[in-house]
Amino acid sequence: MNSYLIPSLIFTLAASSAAAQQGSAGRLLDLNGDGAVGRSELEQVARERFAATDADKDGVLSVDELLFLLLAKFDALDTDKDGLVTRREVIQGAADGTFQIR
Ligand SMILES: [Ca+2]
Ligand SMILES: [Ca+2]
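(A) Region of interest: the overall build of the protein. Along the protein, the regular secondary structure elements total five helices and zero strands. Per-residue burial for the protein yields a buried fraction of 17% across its 102 residues.

So, in structure tokens, the structure goes:
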């Protein structure tokens, strides 16, 4: 993975995970409640998600740490637990905030 992809992936997963928990990515990312999402809010969420993903707290993300995150996302999308993620499950995940399509 390149240096751009990892932060982008972390942010996307952070936003979609948070949206699943709170119903809307906008509400979660709007940390100060002013109705807008600023760069500092995006960066704060990304920093927090990075810290949560960095299980061994060494300041970098290993392949294992990223795979753990991706597997958790996969499990959330695989709503019928058949070990496969269908287009319907992705669409449903996008609708309910489990998965963010960009
Ligand atoms: Ca680490
Ligand atoms: Ca499935």
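Next comes the rest of the description.
(B) Seen up close, unusual backbone geometry. A positive phi angle, close to 55°, is found at Lys 57, a residue other than glycine. With respect to the helices, strands and loops of the structure, Lys 57 is situated in the loop between helix H3 (39–53) and helix H4 (63–77). One non-glycine residue, Lys 81, lies in the positive phi region at around 55°. Within the fold, Lys 81 resides in the loop between H4 and helix H5 (87–96).

(C) Representation of the confidence of the model for the protein. Scored by pLDDT, the protein comes out at a mean of 80, with 71% of its residues at no less than 70. Of all secondary-structure elements in the protein, the lowest mean pLDDT belongs to helix H1 (residues 5–22), at 52, while H4 reaches the highest, 93.

(D) Highlighting the environment of Leu 77. With respect to the helices and strands, the residue Leu 77 is situated in helix H4. As for Leu 77 and Glu 89, which are separated by twelve residues in sequence, their C-alpha atoms are 6.0 Å apart. Setting aside chain neighbours within four positions, we find Leu 77 in contact with Val 85, Glu 89, Val 90, Gly 93, Thr 98 and Phe 99.

Calculation rules
- Residues numbered from 1 in each chain as written.
- Chains lettered and ligands numbered in written order.
- Predicted model: local features only at pLDDT ≥ 70, side-chain atom pairs only at ≥ 80, totals over all residues.
- Helix = DSSP H or I, 4+ residues; strand = E, 2+ residues; numbered from the N terminus.
- Buried ≥ 20, exposed ≤ 12 C-beta atoms within 10 Å, placed from the backbone.
- pLDDT = per-residue confidence, 0-100.
- Contact = placed C-beta atoms within 7 Å.

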